[in-house]
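# Working through the structure, step by step
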Amino acid sequence: CDFLDVVPDNVATEAHAFADRYTVEKFLATCYWRLPKTAKWSENPGIMGSLEVIFNTEHSGDTGMKFGLGLDSPTSAIMNYWASSYSLYAGIRNCNTFMSGIDGVRDLNEYEKKRMIAEVKMLKAYLHFYLLSYYGPICPLRESAPVTESTQGVRVYREKVDDCFQYAIDLM
């Protein structure tokens, strides 16, 4: 019975992500990876939304073309930055995880640590601003909830637009 209770080697944990300078830089790259790709026609509704650029029928199933053809709806958004594979909240959670673990890294000098913290704060502010520009009032994710949090504890509500902008400005 004890044979199956063994934890395999090389399992990624939060402690491994902040073990040394190299892994922290990799985690910082993860925070950058969640930035929206604004020049990609399938991820920016401003490029295909006006149908100034169109594709032939072979590409009519692509995200950008569907958006331009008006197939977007409130119940099933095609370009959904709120909760999908493009989720900006996942990027904000990465930033929060980075901010909570950066202090434990031993082989970073103070300048590098401050620079990385400033970069992540700016990324977090930009992701909030991007969500705010798309959806209006949003739920700012100041801190990530623990995995063990109850369903009542993770429920958040949209805040006033002015408060959301103020939060992004304060981060900057």
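The structure under discussion appears in the preceding block.
From a predicted model like this one, the values you see are computed outputs, not experimental measurements. Residue indices follow the written sequence of each chain, beginning from 1 at its first position. Two thresholds apply to this predicted model, a pLDDT of at least 70 for residue-level local features and 80 or more for giving and counting side-chain atom pairs, whereas whole-chain, interface and lining totals are computed over all residues. Side-chain figures throughout are based on the complete set of non-hydrogen atoms in the structure, without hydrogens or water.

What follows deals with the overall build of the chain. Numbering of helices and strands runs from the N terminus, with a helix taken as a DSSP run of H or I at least four residues long and a strand as a DSSP run of E at least two residues long. Helix and strand content of the chain: seven helices and zero strands. Each helix and strand of the chain, ordered N terminal to C terminal, gives the series α-α-α-α-α-α-α. Using C-alpha atoms as the atom set, the radius of gyration is obtained and then compared with a globule rule of 2.2 Å times the number of residues to the power 0.38. Against the compact-globule benchmark of 16 Å for 172 residues, the chain has a radius of gyration of 20 Å, which places it well outside the compact range. Burial status follows relative accessibility: with a 1.4 Å probe on protein chains alone, a residue under 20% of its type maximum counts as buried, one over 50% as exposed, and anything between as partly exposed. In the chain, buried positions account for 33% of the 172 residues. Any two residues having at least one pair of non-hydrogen atoms within 4.5 Å are treated as being in contact. Summarising the internal contacts of the chain: among those between residues at least 6 apart in sequence, 60% fall at separations of at least 24. When the accessible area of the chain is evaluated, it comes to approximately 11,200 Å², of which 56% is carbon and sulfur surface. For the charge count, each Lys or Arg is scored as positive and each Asp or Glu as negative, with His and the chain ends excluded. For charged residues, the charge sits on one atom: NZ in Lys, CZ in Arg, CG in Asp, CD in Glu. Side-chain charges in the chain split into 17 positive and 22 negative, and the spacing between the mean points of these groups amounts to 3 Å. Exposure was quantified through the Shrake-Rupley algorithm and a 1.4 Å probe, taking into account, for residues, occlusion by the shown protein chains and nothing else.

For the rest of this paragraph, the subject is the packing of helix 2 (residues 21–33) against helix 5 (residues 88–101). Geometry of a packed helix pair, given as the angle between the helix axes and the separation of the axes. Angular values range over 0 to 180 degrees, each being the angle between N-to-C directions of two axes fitted as lines to C-alpha atoms, with helices fitted over their stretch in contact. The N-to-C vectors of helix 2 and helix 5 enclose an angle of 155 degrees; their axes lie 9 Å apart at closest approach. By the angle between their axes, helix 2 is roughly antiparallel relative to helix 5. The two elements helix 2 and helix 5 cross, and the hand of that crossing is left-handed. Each of Val-24, Phe-27, Leu-28, Thr-30 and Cys-31 in helix 2 lies in contact with helix 5, whose residues at this interface are Asn-94, Cys-95, Thr-97 and Phe-98. Relative orientations are named as follows: roughly parallel for angles under 35 degrees, roughly antiparallel for angles over 145 degrees, roughly perpendicular for angles from 65 to 115 degrees, and oblique for any other angle. Crossings are classed by handedness, with left-handed meaning an anticlockwise turn of the near helix from the far one by less than a right angle and right-handed meaning a clockwise turn.

Secondary-structure assignment places Lys-124 in helix 6 (residues 110–135). Lacking a salt bridge, the buried Lys-124 has Glu-143 as its closest oppositely charged neighbour, with an N-O distance of 7.7 Å. Here a polar contact means two N or O atoms within 3.5 Å. Within protein one must be a hydrogen donor candidate and the other an acceptor candidate, and residues neighboring in sequence count only if both atoms are side-chain atoms. Of note is the side chain of Lys-124, whose polar atom sits 2.9 Å from the backbone oxygen of Arg-142. Every residue in contact with Lys-124, bar those within four places of it in the chain, is listed here: Ile-92, Cys-95, Asn-96, Leu-141, Arg-142, Tyr-167 and Leu-171. We define a salt bridge as a contact between a side-chain nitrogen of Lys or Arg and a carboxyl oxygen of Asp or Glu at a distance within 4 Å.

A separate point is helix 6. Helices are assigned an expected span. That span is 1.5 Å times one less than the residue count. Compared with an ideal rise of 1.5 Å per residue, which puts 26 residues at 38 Å, helix 6 spans 37 Å between its outermost C-alpha atoms and is within 8% of the ideal. For helix 6, the N-terminal cap is Asn-109; the gap from its side-chain oxygen to the backbone nitrogen of Tyr-111 is 3.2 Å. The first or second residue beyond helix 6 is Gly-136, which carries a positive phi of 75 degrees.

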